[in-house]
Amino acid sequence: MTNETFRDSGKSRVTMAAVGRLAGVSQVTVSRALSHPEKVSPDTLQRIRDAIEATGFVPNALAGALASKRSHLISALVPSLTNIVYASFIATFSAQLRSHGYQVLLSETGFDTTSEQDLIATHLSRRPDAMLLTGIHHSQQARRSLLGADIPVVEVWDITDSPIDMCVGFNHVDAGRAVANFLYEQGHKNAATITANDERALRRQSAFSETFTQLSGNAVLNSNTGGPASIGAGRRALAHLIDDTGFQRGAVFCSSDLLAHGVLIEARARGLCVPGDMAVMGFGDQDFARDLEPALTTVAIDRLALGSVAAEALLARLVRPDTKQSIFDLGFKILRRASA
């Protein structure tokens with residue numbers, strides 16, 4: 001007898017009643033075994049498990065969530081699934097939540113608030129117990145939806161005095177200013193920035209340019225890639241700065257290590273010496289940064305701590321809704337290497 005025998009007439013899905021018939025118990029007993037296995041005798045529990053395996057039955061998690069008011073799902077929205085900056089902290093975040101019985105429902109938003117708004121609505125329809133968002137800038141509709149859902153929310157990679165619920169990250173404006181001070185103190189009087197089309201990167205770029213101009217008295221040349229960071233975008237941006245603006249000597253602050261890697265390649269292709277002719281600085285301290293030639297000076301963010309603290313904050317809020325702490329500033333660190 002195949003498991004087709006235990007499918008309801010006219011339907012293709014195996015039901016809990018079918019599992020009960022195969023196990024020789026009632027549907028109520030199957031439900032009890034799934035939600036409270038300790039209340040079912042070992043022999044009965046084993047028959048039900050054998051029946052589930054034989055039929056391929058998948059319990060209705062949403063029905064269980066409605067009964068218990070917990071889905072044991074945590075939603076996470078990040079701009080990019082392929083960028084190691086986001087992938088590394090999500091891996092830590094997910095592992096920590098799994099160890100507490102939760103699963104992570106992950107989606108990629110890009111850098112568009114409308115796309116994020118639509119995905120927030122989609123995820124909320126799955127009734128997650130909590131949600132992680134990247135950044136602190138969201139559409140008004142998204143904020144209203146999240147406040148109306150009344151679930152714990154953690155915004156990561158940034159901090160603000162007025163989070164939706166909690167935020168874990170660092171101050172991007174402070175980071176841009178710190179880099180400007182660092183490069184000026186190294187003796188650079190001219191500077192340029194190469195920035196991906198990302199709201200947080202643009203805030204760092206603006207703070208850097210304002211501070212460096214105040215310190216040096218010289219305007220900072222800016223090149224926006226118009227899209228995401230890549231090695232090719234970094235090469236093209238430096239070529240634009242040199243060919244179209246006349247930039248030759250000074251410091252180049254890139255919004256990511258990927259862009260800085262491209263700058264190093266383009267500089268070498270043009271016969272420029274780094275850091276002799278041009279100092280190059282990245283952001284993010286990706287795994288390859290220290291192994292470039294020259295090794296890349298960059299701004300380090302503890303991505304593993306970012307994921308761990310975000311998970312801990314949500315877990316604490318789920319257990320104790322009145323938990324007071326809402327802002328977790330992890331800071332940043334400038335790592336001086338050979339490129340600047």
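This is a predicted model, so every value here is computed, not measured.

Student: Residues and numbers for helix α1 (residues 16-23), please.
Tutor: Among the residues of α1, those classed as buried are M16, A18, V19, G20 and A23. Just downstream of α1 lies G24, where phi reads positive at about 80°.

Student: Go over the packing of aromatic side chains with me, naming the residues and quoting the values.
Tutor: The geometry of two aromatic rings is summed up by the distance between their centres and the angle between their planes. Under the defined criterion, the tally for this structure stands at nine aromatic pairs. Between Y86 and W157, the ring centres sit 6.1 Å apart and the planes meet at 55°, which makes this aromatic pair tilted. Of this pair, Y86 sits in helix α5 (residues 84-98) while W157 sits in the loop between β4 (153-156) and β5 (166-169), and the two are 71 residues apart along the sequence. Of the residues examined, Y86 reaches a relative accessible area of 4% and is grouped as buried. An aromatic cluster is built from Y86, F89, W157, F170, F283 and F332, whose rings are joined through pairwise contacts. The ring of F283 carries R204 above its face, with NZ or CZ at 3.7 Å from the centroid.

Student: Describe helix α11 (residues 257-269), and please don't skip the residues or the numbers.
Tutor: An α-helix turns once every 3.6 residues. As a result, residues three or four positions apart point the same way. Between its terminal C-alpha atoms α11 stretches 18 Å, which fits the 18 Å expected from 13 residues at 1.5 Å a residue. The complete set of buried residues in α11 reads D257, L259, A260, H261, G262, V263, L264, E266 and A267. Looking at the buried residues of α11, the elements they touch are β6 (191-195), α10 (231-245), β8 (250-254), β9 (278-281) and β10 (298-300). Downstream of α11 by a residue or two, G271 has a phi angle that is positive, lying close to 75°.

Student: Go over the state of the cysteines with me, naming the residues and quoting the values.
Tutor: Taken as a whole and assessed by the stated rule, the structure comprises zero disulfides. Looking at C273, it has no disulfide partner, and the nearest cysteine sulfur is the one in C254, 17 Å off.

Student: Any details on the pairing of β5? Residues and values, ideally.
Tutor: The alternating pattern of β5 places M166 and V168 on one face and C167 and G169 on the opposite face, and all of these are buried. As paired elements, β4 and β5 share three bridges and run parallel to each other. Across the sheet, the residue bridging to V156 is V168, located in β5. By the bridge criterion, three bridges tie β5 to strand β11 (residues 327-329) in an arrangement that is parallel.

Student: Describe the nonpolar core, listing the residues and the values that go with them.
Tutor: Among the nonpolar cores identified, the biggest contains 44 residues, and F93, L132, L183 and F208 are the most heavily contacted of them. No other element matches helix α12 (residues 303-319), which puts eight residues into this core. Once residues lying within four places of it in the same chain are set aside, the contact partners of F93 are I74, A76, V104, L132, G307, A310, A311 and L314. With 23 residues, the next largest nonpolar core counts I194, C254, L272 and V280 among its residues.

Student: Describe the packing of α1 against helix α3 (residues 42-55), with residues and values.
Tutor: Across the interface, α1 lies against α3 with an axial gap of 9 Å and an inter-helix angle of 120°. In terms of their interaxial angle, α1 and α3 are classed as oblique. Where α1 crosses over α3, the handedness of that crossing is right-handed. On the side of α1, the interface is formed by V19, L22 and A23, while α3 contributes R47, I48, A51, I52, A54 and T55. Residues of the contact of α1 with α3, tallied by class, amount to seven nonpolar, one polar and one charged.

Student: Explain the sheet that holds β4 to me, and be specific about the residues and the numbers.
Tutor: An order of β2-β1-β3-β4-β5-β11 is seen for the six strands of this open sheet, with the pairing classed as parallel. Each edge of the open sheet is held by one strand with a lone partner, namely β2 (103-108) and β11. Geometrically, the sheet is characterised by an average inter-axis angle of 15° between neighbouring strands, direction not taken into account. As judged from the four bridges shared by strand β3 (residues 130-134) and β4, these two strands associate in the parallel manner. Bridge assignment links M131 to a residue of β4, and that residue is V153.

Thresholds applied
Residues numbered from 1 in each chain as written. Predicted model: local features only at pLDDT ≥ 70, side-chain atom pairs only at ≥ 80, totals over all residues. Heavy atoms only, no water. Buried < 20%, exposed > 50% of the residue type's maximum accessible area, 1.4 Å probe, protein only. Helix = DSSP H or I, 4+ residues; strand = E, 2+ residues; numbered from the N terminus. Phe/Tyr/Trp six-rings, centres within 6.5 Å; stacked < 30°, edge-to-face > 60°. Lys NZ or Arg CZ within 6 Å of the ring centre and 35° of its normal. Expected span 1.5 Å × (residues − 1). Contact = heavy atoms within 4.5 Å. Disulfide = S-S within 2.5 Å. Pairing = 2+ DSSP bridges. Core = buried A, V, L, I, M, F, W, Y, C linked by side-chain atoms within 4.5 Å. Axes fitted to C-alpha atoms, helices over the stretch in contact; angles between N-to-C directions. Parallel < 35°, antiparallel > 145°, perpendicular 65-115°, else oblique. Left-handed = near helix turned anticlockwise from the far one by under 90°. Nonpolar A, V, L, I, M, F, W, Y, C, P; charged D, E, K, R; others polar.

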